[in-house]
Amino acid sequence: MNTPFRNHPLRPRRSLLSVPASNARALEKSSTLACDGIIFDLEDSVAPESKAAARGALTRHFADIDRASPVERIIRINSLSGSDGPADLEAVLACGPDAVLLPKVCEPQDVLAVADWFAEQGADDSPRLWAMIETPSAALNLAAIAEAGRTSGGRLDCLVVGLNDLRLATGIADVPGRPFLVPFLMQVVVAARASGLDVIDSVHNGFTDLGAFSAECEQGRQMGFDGKMLIHPAQIEPANRAYGVQDAAADEARAIVSAFARPENTGKGAVNLDGRMVERLHLDQAERLLAKVELIARKENRT
């Protein structure tokens with residue numbers, strides 16, 4: 001039976017800012033930003049003639065970073081079907097990021113082949129792998145791709161939605177509220193959760209319209225996404241706010257934990273909390289949410 005589980009540590013992933021590896025100023029500024037993670041992009045945002053220089057710049061940048069920083073660092077590589085993809089993987093070994101974001105994943109083998117390559121290079125459990133879900137084939141193979149993370153040495157931690165490429169490939173209209181994409185987005189969330197993966201919502205292209213961006217963040221949070229991929233630093237604060245833990249949710253989680261901790265509830269599978277039945281699955285959710293609260297507070301230097 002395909003039961004939900006998690007095979008990686010909990011990390012806040014509210015805001016994942018994409019930074020072109022060819023942009024020296026953006027690389028330098030990235031270390032000062034309040035996002036949960038930086039996606040250093042070697043793919044779409046880097047011109048073909050600048051790929052090699054971007055790899056060199058990224059390697060130099062990683063040589064100087066503060067490894068104690070709580071910011072997660074991910075490198076998005078080019079497709080392995082071209083000459084830049086393999087060269088990007090060599091750069092990844094030199095950089096030592098937390099994860100590699102694989103573009104245009106279409107089937108499980110796209111993930112497993114890279115995991116096998118890292119194993120052949122003698123890499124330890126890091127870097128982890130993230131998969132961009134941005135093609136019609138990926139939409140058809142969602143469950144199988146997500147299950148690649150269950151295999152021994154699969155390394156897969158996270159699915160990241162890429163709607164720009166999906167819209168281009170399918171002709172789906174870019175309409176406010178994303179009505180024609182909601183079924184697809186929900187399928188990505190379900191597939192990720194079934195295999196214990198985190199799941200990140202797509203970029204919002206209108207970075208100057210923070211009202212529309214905030215509304216899309218709220219929609220994504222209600223769908224069950226863990227966070228959002230960003231294209232501009234102005235989007236960091238709204239994303240952190242939308243995907244953070246609301247005070248009411250944290251208070252409820254503390255009440256659930258406290259209820260199960262009472263001596264009279266020892267060993268019970270369900271307890272009465274203010275007139276409603278709360279089960280141990282809710283306890284697990286509450287403990288995980290409170291762990292996220294602690295991680296966010298620590299990151300923001302509030303503990």
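First, a word on scope: everything that follows refers to the structure included in this document. All values reported here derive from a predicted model rather than from experimental measurement. (Residues numbered from 1 in each chain as written. Predicted model: local features only at pLDDT ≥ 70, side-chain atom pairs only at ≥ 80, totals over all residues. Heavy atoms only, no water.)

**Some remarks on helix 2 (residues 51–63)**
In plain terms, the rule: Going along the chain from the N terminus, every DSSP run of H or I of four or more residues is numbered as a helix, and every run of E of two or more is numbered as a strand. Multiplying 1.5 Å by the helix residue count minus one yields the expected span of that helix. Contacts: residue pairs with any heavy atoms within 4.5 Å of one another.
Over its 13 residues, helix 2 runs 19 Å from end to end, which matches the ideal 18 Å to within 8%, given 1.5 Å per residue. Considering only its buried residues, helix 2 is in contact with helix 1 (24–30), strand 2 (37–41), strand 3 (72–76) and helix 3 (84–95).

**Some remarks on the pattern of salt bridges**
As a reminder of what qualifies: Any Lys or Arg side-chain nitrogen located within 4 Å of an Asp or Glu carboxyl oxygen qualifies as a salt bridge. The buried label applies to any residue whose accessible area, calculated with a 1.4 Å probe on protein chains only, is under 20% of its type's maximum; exposed applies above 50%, and partly exposed to all values in between.
Counting across every chain of the model gives 27 salt bridges. Between R13 and D198 there is a salt bridge, with its nearest N and O atoms 2.8 Å apart. With R13 in the segment before strand 1 (15–20) and D198 in strand 7 (residues 198–201), the pair connects residues that are 185 residues apart, well separated along the chain. A relative accessible area of 3% means that R13 is categorised as buried.

**Here we look at the sheet that holds strand 2**
What counts is decided by this rule: For two strands to be treated as a pair, DSSP must find at least two bridges joining them. Where helices are involved, their axes are fitted lines through C-alpha atoms of the stretch in contact, as for all axes, and angles between N-to-C directions lie from 0 to 180°.
On the basis of which strands lie adjacent, the closed barrel formed by eight strands has the order 1-2-3-4-5-6-7-8 and parallel pairing. With strand direction ignored, the average angle separating the axes of adjacent strands in the sheet is 25 degrees. Sheet analysis places strand 6 (residues 156–161) next to strand 7, joined by three bridges and oriented parallel. Across the sheet, the residue bridging to C158 is D198, located in strand 7. Sitting on the sheet, helix 4 (residues 108–120) touches strand 4 (99–102), strand 5 (128–133) and strand 6, and the angle it makes with strand 5 is about 160 degrees.

**Here's the deal with the packing of aromatic side chains**
Rules: Between the rings of Phe, Tyr and Trp (Trp by its six-membered ring), a pair exists once the centres lie within 6.5 Å; its type follows the angle of the planes, with under 30 degrees stacked, over 60 edge-to-face, and the other angles tilted.
This model, assessed by the stated rule, comprises two aromatic pairs. Taking the centre distance of 5.2 Å and the plane angle of 65 degrees together, the rings of F40 and F62 count as edge-to-face. Taken together, the positions of F40 in strand 2 and F62 in helix 2 put the pair 22 residues apart, joining distant regions of the chain. Here the two residues F40 and F62 agree in accessibility, since each one is buried. For the ring pair W117 and F118, a centre distance of 5.2 Å and an interplane angle of 75 degrees mean the geometry is edge-to-face.

**Brief notes about helix 10 (residues 236–243)**
For helix 10, a buried count of six out of eight residues is recorded, marking the element as mostly surrounded by other parts of the structure. Among the residues of helix 10, those classed as buried are I236, P238, A239, N240, A242 and Y243. Check the buried side of helix 10 and you find it contacts strand 1, strand 7, helix 9 (210–223), strand 8 (227–230) and helix 12 (280–299).

**Some thoughts on the environment of V100**
Residue position: V100 is located in strand 4. For the pair formed by V100 and S81, sequence separation is 19 residues and the distance between their alpha carbons is 16 Å.

**Quick word on the nonpolar core**
Heads up, the rule is: Joining through side-chain atoms within 4.5 Å is the link that ties buried Ala, Val, Leu, Ile, Met, Phe, Trp, Tyr and Cys residues into a set, and such a set is a nonpolar core.
Formed by 60 residues in total, the largest nonpolar core has its most connected members in L58, I75, L129 and L159. If you tally residues by element for this core, the top one is helix 8 (residues 182–194), at six residues. In this structure, I75 is in contact with F40, L42, L58, F62, V92, C95, P97, A99, V100 and L101, ignoring residues within four places of it in sequence. Listed in part, the 12 residues of the second largest apolar core include L16, I39, A99 and C158.

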